[in-house]
Amino acid sequence: MADLSPTDPAPVERILAAIRAIPPGQVAGYGHVARRAGLPGRARMVARVLRENSDANLPWHRVLRSDGRIAFPPGSKGFREQSQRLRAEGVDVRAGRVRIAESVPDLDGDLDAALWRPR
DNA sequence: AGGATGACGGGAG
DNA sequence: ACTCCCGCCATCC
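In this text the structure is predicted, and so the values were computed from the model without any measurement.

Conventions and cut-offs
Residues numbered from 1 in each chain as written. Chains lettered and ligands numbered in written order. Predicted model: local features only at pLDDT ≥ 70, side-chain atom pairs only at ≥ 80, totals over all residues. Heavy atoms only, no water. Axes fitted to C-alpha atoms, helices over the stretch in contact; angles between N-to-C directions. Helix = DSSP H or I, 4+ residues; strand = E, 2+ residues; numbered from the N terminus. Parallel < 35°, antiparallel > 145°, perpendicular 65-115°, else oblique. Contact = heavy atoms within 4.5 Å. Nonpolar A, V, L, I, M, F, W, Y, C, P; charged D, E, K, R; others polar. Buried < 20%, exposed > 50% of the residue type's maximum accessible area, 1.4 Å probe, protein only. Arc of directions from axis to C-beta.

S.K.: Kindly report on the packing of helix H1 (residues 10-20) against helix H3 (residues 43-52), identifying the contributing residues and their values.
M.R.: Contact geometry for H1 and H3: axes closest at 10 Å, N-to-C directions at 85°. Taken together, H1 and H3 sit at an angle that is classed as roughly perpendicular. On the side of H1, the interface is formed by Val 12, Ile 15, Leu 16 and Ile 19, while H3 contributes Met 45, Val 46, Val 49 and Leu 50. Taken together, the residues that form the contact of H1 with H3 break down as eight nonpolar, no polar and no charged.

Rendered as structure tokens:
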């Protein structure tokens with residue numbers, strides 16, 4: 001198994017994979033993504049990976065704070081961009097927040113974590 | 001080495 | 001619901 005030092009790209013790849021695994025119309029928290037990537041407690045690492053990300057195909061907009069709020073400062077470029085992208089998927093965004101229901105069992109089955117379904 | 005920073009999380013008041 | 005505070009981790013100064 002690869003070593004878990006910051007120089008090891010594996011953790012980053014797992015984080016990206018976890019984000020790509022979020023189905024359209026659903027969302028997940030930073031901490032959630034971290035756990036699914038096998039990195040419990042590394043929510044801030046997920047944030048860093050997103051900040052550094054250059055992949056235009058990555059569904060970064062589906063990642064929210066644990067309380068359902070968009071992580072960008074209200075009114076900022078990223079804030080508006082994320083709101084727009086989420087609404088484009090039918091997600092109801094009010095005042096920078098997504099109303100989320102209880103976690104839903106993952107459909108794939110090989111992931112014990114659950115995603116959030118917007119309410 | 002030590003303190004500040006950030007697309008975070010959670011608890012307390 | 002909102003603010004404040006502290007824990008957490010990788011980076012940067």
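S.K.: Outline H3, supporting the account with residue identities and numerical values.
M.R.: Within the span of H3, buried status applies to Val 46, Val 49 and Leu 50. When H3 is viewed along its axis, its buried side chains cluster within an angular range of 100° and face the same direction. Summarising the geometry of H3, the exposed residues directed more than 90 degrees from the buried face are Arg 44 and Arg 51. Along its buried surface, H3 packs onto H1, helix H2 (30-36) and strand E2 (63-64).

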